[in-house]
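Observations on the model geometry
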Amino acid sequence: MTDTDAAERNHPVTMLVNGVHRSAEIPARRLLSDFLRHDLGLTGTHVGCEHGVCGACTVLVDGRPIRSCLQFAVTLDGAQVTTIEGCTRADGELGSVQQAFQDCHGLQCGFCTPGFVTTITAFLDENPDPTEDEAREAIAGNLCRCTGYQNIVASVLRAAELANGSAGQEST
Amino acid sequence: MKPPGFIYHRPETVEDALGVLADVGPDAKVLAGGQSLVPMMNMRLAAPSHLVDVNRLADLAYVRVGTAADGGREVAVGALARHADVERDEAARAELPLLAQALRYVAHPTIRNRGTTVGSLVHADPSGEMTAVLALLGGSVELRTATASRTVPAGEFFVGPLESCARAGELATRAVFPVPAGRTGSSWHEVARRNGDYAVCGVGALVTLDDVGRVAGARVAYISVGPVPEVLSVADVVEQAPVDAADWVAAGRYAADRLEPESDIHATGEYRRHLAGVLTARALREASARAARLEETILEGSR
Ligand SMILES: Cc1cc2nc3c(=O)[nH]c(=O)nc-3n(C[C@H](O)[C@H](O)[C@H](O)COP(=O)(O)OP(=O)(O)OC[C@H]3O[C@@H](n4cnc5c(N)ncnc54)[C@H](O)[C@@H]3O)c2cc1C
Ligand code: FES
Ligand code: FES
C-alpha cells in the first residue's frame, strides 16, 4: 500500500449524536463539521470560515462547545455530540434558546444562528442567570454579519428567563 | 479549505505514543487540541504525512499543585489538560492566579475547551500568552522520546516565532509553572484588535513586596513584541519604593525603551512600544495592589 492509499484509508467512527448512535466509515482527514453535514446529513451545523474564527460550526461535545471545523471526526470516535438539531425540545417544539431568538428577533439571515444557539445552550447550563455583560462575553467568539449583536444579547437573557420560568412552572 | 490526507495513529498510552513517534520518523506531528494545527492544515500551510493523536492519553489530562524539588510550590500541567481545565482548576487558581488571569485572553472559551496549554507552548506563537507566563515564572517543559527524557527551562525552550526546541519524535508530556515565593501579586493586560484575537501587545507582571510593604522585586514578560517571549526586570526603577509611592509609569517607560517591537500589518513598532509602556504600568500597578492585599490578609489571618 502506498502512503497516499494509507492516508485515504477509511476508519469506522461511531458517535452518540443528539441521543442517537450514528456510524460511518470515513477518512481520517474528515472534519467533524463535514462528518455531521455530509456523512450524517445534519446540515444545521454551518461552516463559515473553516479556521476557527467565526463560530458558525460550534457544536457541543460531551456538553462543552467546540469548533467542529477544527476537529477530525476520528478523534471524537465514541463522543457524545449535540448539534443545533438537538437543541429542540423532546416534543419537537423550539427549545428555550431557539424560542428566545424568535422572541427577540435574534437572527436575520440565520447563517450564524446554529453556532450561537449551541454556544448559548452550554453557557446557560453553567450560568443559568447571567448579567448582560456575562451574556455579551459568552457570545464574543461568534460572528454575526447581520444583527449587530444587540438582539442576540437580549436573546441570551430571554432564554435564561424562559428556562428559569419553565423550571418554575414545573415545580408548581 | 480541506485538510490534506495523512496516516492516522491513535495510541492509548504514553508508551505507545512514544513508540509510534519513534517508528514513523520525522514527517509526523503530534495532534493535541488541534486548535493551531488543524487551521494550518485546512489552509494547507501544514501537511504532515502522519498524525499521532494524543487525545486518548488520559494519564496526561491533569493539573496538579504540589511541592517542587527545591521545596517551593508549583503547578504541573499535563499535555492533555485543556486551557479550560487549567483556567477552572480551583487549586491552581488559588496558588497561581496568573494562569487564569492570562488564560482569559487565550482565544475564546470555545477554543480553550479543546486547545491544550502544553500544545500552545510547543506551538510557540510569539503572541501566545502562555509562552510569556512560562517565561515570567521561570517554568519548564518536559520532553520525552521512547529512549530519553529532558526538561527544558523556558529560557531555552522558545527558539523563534512558531519554533520551540521540541524535536520531531519528541512528545511534550508536561509543563511546570513555579509559584513565585514571598508576597507576590500578578496581573495580565493586553490589547487585541477584537475580543479573543491574538494580542497586538500583551504583558504579564509579578510584583513582590517585603514585610514593610516596599517593592522587593518587579518583573514583566511580553508577547507580540519579539520572536520569543521577552522577560525584563524593572527593579532598578522601583526597588525599595513603598508600594503606594512606586513610579509604575516610569517603570513602564523604562521597560518600553528596552523592547524592539517590529511593524507588521496589525501595528507599527512604535505603536507597540507605546502600548507596552502603558500596559506595563497598568499591569505592575495591579500586581502590586494584589500583593499589598495579600499582605493584609496574611497579617489579618495571623492576628
Ligand atoms: C481563532 C483562534 C484564536 C486563537 N487565539 C489565541 C490567542 O489569543 N492566544 C493563544 O495563545 N492561542 C490562541 N489560539 C491557539 C490555541 O491556544 C491553541 O490551543 C494552541 O496554540 C495549540 O494547542 P493545541 O492543543 O490546540 O495544539 P495543536 O493544534 O494540536 O498542535 C499545535 C502544534 O504543537 C504540536 N504539539 C501539540 N501538543 C504537543 C505535545 N504534547 N508534544 C509535542 N508536540 C505537540 C503539534 O504537533 C503542532 O505542531 C487561537 C486559536 C484559534 C483557532
Ligand atoms: S467554520 Fe468553524 S469557526 Fe468558522
Ligand atoms: S443573522 Fe446573518 S450572520 Fe447572523
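All values reported here derive from a predicted model rather than from experimental measurement.

**What about the nonpolar core?**
If you look at the biggest cluster of nonpolar residues, it comprises 53 residues, and the most contacted ones within it are B:Leu99, B:Leu121, B:Met130, B:Val133, B:Leu171 and B:Phe177. Per-element tally for this core: the top contributor is helix α8 (residues 129-137) of chain B, with seven residues. Two domains each donate at least three residues to this core, and these are domain 1 (1-178) and domain 2 (183-302) of chain B. Look past the residues within four positions of B:Leu171 in its chain and what remains in contact with it is B:Val14, B:Ala17, B:Leu18, B:Leu21, B:Val30, B:Val54, B:Leu57, B:Leu60, B:Glu142, B:Leu143 and B:Arg144. In terms of nonpolar packing, the next biggest core, distinct from the first, is built from 32 residues, A:Met15, A:Ala24, A:Leu32 and A:Val81 among them.

**Here's the deal with the domain arrangement of chain A**
All names here are of chain A. Parsing chain A into structural domains produces domain 1 (3-86) and domain 2 (88-167). Placing the centre of domain 1 and that of domain 2 at their C-alpha centroids yields a distance of 23 Å. Across the boundary between the two partners, domain 1 contributes 19 residues, which contact 14 residues of domain 2. Our count for the contact surface shared by domain 1 and domain 2 stands at five residue pairs in polar contact (both at pLDDT 80 or more). The biggest single contributor to the side of domain 1 that touches domain 2 is strand β3 (residues 58-61), with three residues. The residue inventory of the side of domain 1 that touches domain 2, partitioned by class, reads eight nonpolar, nine polar and two charged.

**Comments concerning unusual backbone geometry**
Positive phi, normally seen in glycine, also occurs at A:Asp62, with a value near 50 degrees. Positionally, A:Asp62 belongs in the loop between β3 and β4 (64-67). Even without being a glycine, B:Ala107 presents a positive backbone phi close to 50 degrees. Structurally, B:Ala107 is set in the loop between α5 (97-103) and α6 (109-112).

**Quick word on the interface of chain A and chain B**
On the side of chain B, 33 residues touch chain A, which itself brings 30 residues to the contact. In total, about 2700 Å² of surface goes out of reach between chain A and chain B, with carbon and sulfur atoms giving 52% of it. A:Asp77 serves as the salt-bridge partner of B:Arg10, at 3.4 Å between the closest nitrogen and oxygen. Where chain A meets chain B, there are 15 residue pairs in polar contact (both at pLDDT 80 or more). If one sorts the elements of the side of chain A that touches chain B by residue count, β4(A) sits on top with four residues. Classifying every residue of the side of chain A that touches chain B by side-chain character gives 13 nonpolar, seven polar and 10 charged.

**Let's talk about the packing of aromatic side chains**
All names here are of chain B. Inspection of every chain in the model, using the stated rule, returns two aromatic pairs over all chains. Pairing phenylalanine 157 with phenylalanine 158 gives two aromatic rings, centres 5.2 Å apart and planes at 85 degrees, and the pair type is edge-to-face. A single burial state applies to phenylalanine 157 and to phenylalanine 158, both of which are buried. Stacked on the ring of tyrosine 105, the Lys or Arg arginine 104 has its end atom at 5.0 Å from the ring centre.

**What about the site of ligand 1?**
Taken together, the neighbourhood of ligand 1 is formed by 33 residues, with B:Val30, B:Ser36, B:Leu37, B:Thr116 and B:Glu129 sitting nearest. Proximal residues around ligand 1 fall on chains A and B, making this an inter-chain site. Here B:Ala32 contributes a backbone N or O atom positioned 2.9 Å from an oxygen atom of ligand 1. Note that an oxygen atom of ligand 1 is positioned 2.8 Å from one of the backbone N or O atoms of B:Gly33. In isolation ligand 1 offers 970 Å² of accessible surface; the protein chains occlude 94% of this area. Elements with a minimum of two residues in the shell around ligand 1: β2 (28-31), α7 (117-123) and β10 (171-178) of chain B. Broken down by element, the shell around ligand 1 gets its largest block of residues, four residues, from α7(B). Here the residues of the shell around ligand 1 are counted per class, giving 15 nonpolar, 14 polar and four charged.

Cut-offs used in this document
- Throughout, residues of each chain are indexed from 1 in the direction in which the sequence is written.
- Chains and ligands are labelled by the order in which they are written, letters from A for the one and numbers from 1 for the other.
- The predicted origin of the model limits local features to residues at a pLDDT of at least 70 and limits the giving and counting of side-chain atom pairs to 80 or more, whereas totals for whole chains, interfaces and linings rest on all residues.
- Calculated side-chain values reflect all of the structure's heavy atoms, with hydrogen atoms and water omitted.
- Grouping buried Ala, Val, Leu, Ile, Met, Phe, Trp, Tyr and Cys residues that are joined through side-chain atoms within 4.5 Å yields what is termed a nonpolar core.
- To sort residues, take the accessible area from a 1.4 Å probe on protein chains only and compare it with the maximum for the residue type: under 20% means buried, over 50% means exposed, and anything in between is partly exposed.
- Helix numbering and strand numbering both begin at the N terminus, where a helix is a DSSP run of H or I of at least 4 residues and a strand a DSSP run of E of at least 2.
- Bear in mind that the domain bounds are from an automatic or database domain assignment.
- The contact criterion used is simple: two residues touch if any of their non-hydrogen atoms lie within 4.5 Å.
- Polar contacts, as counted here, are pairs of nitrogen or oxygen atoms within 3.5 Å of one another; within protein the pair requires one atom able to donate a hydrogen and one able to accept it, and residues that are adjacent in sequence qualify only if both atoms are side-chain atoms.
- Three classes are used: nonpolar for Ala, Val, Leu, Ile, Met, Phe, Trp, Tyr, Cys and Pro, charged for Asp, Glu, Lys and Arg, and polar for all others, with Gly counted as polar.
- Two parts placed together each lose some accessible area under a 1.4 Å probe, and the buried area is that loss summed for both.
- The term salt bridge refers to a pairing of a side-chain nitrogen on Lys or Arg with a carboxyl oxygen on Asp or Glu at a separation within 4 Å.
- Two aromatic rings from Phe, Tyr or Trp, using only the six-membered ring of Trp, form a pair when their centres are within 6.5 Å; if the ring planes differ by under 30 degrees the pair is stacked, by over 60 it is edge-to-face, and anything between is tilted.
- Lysine NZ or arginine CZ positioned within 6 Å of the ring centre and within 35 degrees of the ring normal marks a charge as sitting over the ring.
- By convention in these notes, a residue is near a molecule or strand provided one of its non-hydrogen atoms lies within 4 Å of it.
- For the accessible areas, the method is Shrake-Rupley and the probe is 1.4 Å, while residue cover comes only from the protein chains on display.

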